[in-house]
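Each chain, written out:
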Amino acid sequence: MAIATMLRRTAAAAAPLMGRAIRSQKYHHGSALASAVVNRSSGLSRQVSRSLFPAARNYSSRPSSDESLLRVIDSEIKCAEETDDKEEVDGVPDGFPFKIQDTPGQQTISLTRTYQDETITVEVHMPDLVTGEDEDDDDDDHDDEKNNQSSVPLLVKVSKRRGPCLEFTVTAFPDEISIDSLSVKDPDSSEDQIAYEGPDFADLDENLQKAFHKYLEIRGLKPSTTNFLHEYMINKDSREYLMWLKNVKAFIKA
């Protein structure tokens, strides 16, 4: 009887331990199963993701032709920076009669001044550069000599408080200006009206031509002025070209 009682007590004490062991084993099996399910689900998710959402392309990559173009532009920028004239015009020389308005990105600059009751404005264009030499050194023709010189085109307007103005087209050569045309412009005239432009300037009497040259010289269009403008516009041309190259590069890289 005592032995049976002891066996029952031993069995009762062992039962909870066996229950915990079984539950623990079930837990481990459940965890392993859950882990397998999760891993399998994760792998399936990756497969679905790859099938539905293929790897995004590298849109920052460019065609090889663009890369080649960028390398050429970089080389040109470097060359332009190295050959840039370091002795470019610094400030306006003493006695320069005009006020300069220079807007970066524009191919012209504007000059303005007043003379007595007149307003003189000059639109200065990019220089027409001539880098070669005339092969025929025996040709003494003055017109051919000017054709082989760099020049700066000018549009000169002389106006008063009211009424018409005089408009000159001028080509500025080193130490000399050439008047190409002269016309009278009436700001109040209708665009439908065709004004008489006058004869070709070269057909005017020689004394009259000289008088108009003197007229412009008194108003500031003299060789010292145009020589400064020549150097100024050459430097501006270099600056604008470099800026243009950088703008083109920025567009292609964007």
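Residues numbered from 1 in each chain as written. Predicted model: local features only at pLDDT ≥ 70, side-chain atom pairs only at ≥ 80, totals over all residues. Heavy atoms only, no water.

An unreviewed UniProt entry annotates the protein as Mitochondrial glycoprotein family protein originating from Rhododendron griersonianum.

A. Structural view of the overall build of the protein. Secondary structure assignment for the protein yields five helices and six strands. Overall, the protein shows an N-to-C arrangement of helices and strands of α-α-β-β-β-α-β-β-β-α-α. Out of the 254 residues belonging to the protein, those deemed buried represent 22%. (Helix = DSSP H or I, 4+ residues; strand = E, 2+ residues; numbered from the N terminus. Buried < 20%, exposed > 50% of the residue type's maximum accessible area, 1.4 Å probe, protein only.)

B. Region of the structure containing the pattern of salt bridges. One pass over the structure, following the stated rule, counts eight salt bridges. Lys249 is paired through a salt bridge with Asp74; the nearest N and O atoms lie 2.7 Å apart. Pair noted here: Lys249 is in helix 5 (residues 223–253) and Asp74 is in helix 2 (residues 64–83), with a separation of 175 residues, a long-range link. The exposure class assigned to Lys249 is partly exposed, which follows from its relative accessible area of 23%. Residue classification places Asp74 among the partly exposed positions, given a relative accessible area of 34%. With a shortest N-O distance of 3.4 Å, Asp102 and Arg239 are connected by a salt bridge. Residue Asp102 is found in the loop between strand 1 (99–101) and strand 2 (109–115), and its partner Arg239 is found in helix 5; the two are separated by 137 residues along the sequence. One network of salt bridges, in which partners are shared, links Asp102, Lys236, Arg239 and Glu240. (Salt bridge = Lys/Arg side-chain N within 4 Å of Asp/Glu carboxyl O.)

C. Highlighting the sheet that holds strand 5 (residues 165–173). The six strands are arranged 1-2-3-4-5-6 in an open sheet whose pairing can be described as antiparallel. The open sheet terminates on both sides in strands that have one partner only, identified here as strand 1 and strand 6 (176–185). Averaged over all adjacent pairs, the angle separating strand axes in this sheet is 20°, with direction ignored. For strand 4 (residues 152–159) and strand 5, the ladder comprises eight bridges, and the chain directions are antiparallel. (Pairing = 2+ DSSP bridges. Axes fitted to C-alpha atoms, helices over the stretch in contact; angles between N-to-C directions.)

D. Region of interest: the packing of aromatic side chains. Scanning the model with the defined rule gives eight aromatic pairs in all. Relative to Phe212, the ring of Phe168 lies with its centre 6.1 Å away and its plane at 65°, an arrangement referred to as edge-to-face. With Phe168 in strand 5 and Phe212 in helix 4 (residues 206–218), this residue pair connects regions lying 44 residues apart in the sequence. Like Phe168, the residue Phe212 is buried in the burial classification. Their ring planes at 80° and their centres at 6.5 Å tell us that Phe212 and Tyr215 sit as a pair that is edge-to-face. In this pair, Phe212 and Tyr215 are both assigned in helix 4, three residues apart and thus about one turn of the helix distant. You can call Phe212 buried: its relative accessible area is 19%. Over the aromatic face of Tyr215 sits the side chain of Arg219, whose NZ or CZ is 3.6 Å from the ring centroid. (Phe/Tyr/Trp six-rings, centres within 6.5 Å; stacked < 30°, edge-to-face > 60°. Lys NZ or Arg CZ within 6 Å of the ring centre and 35° of its normal.)

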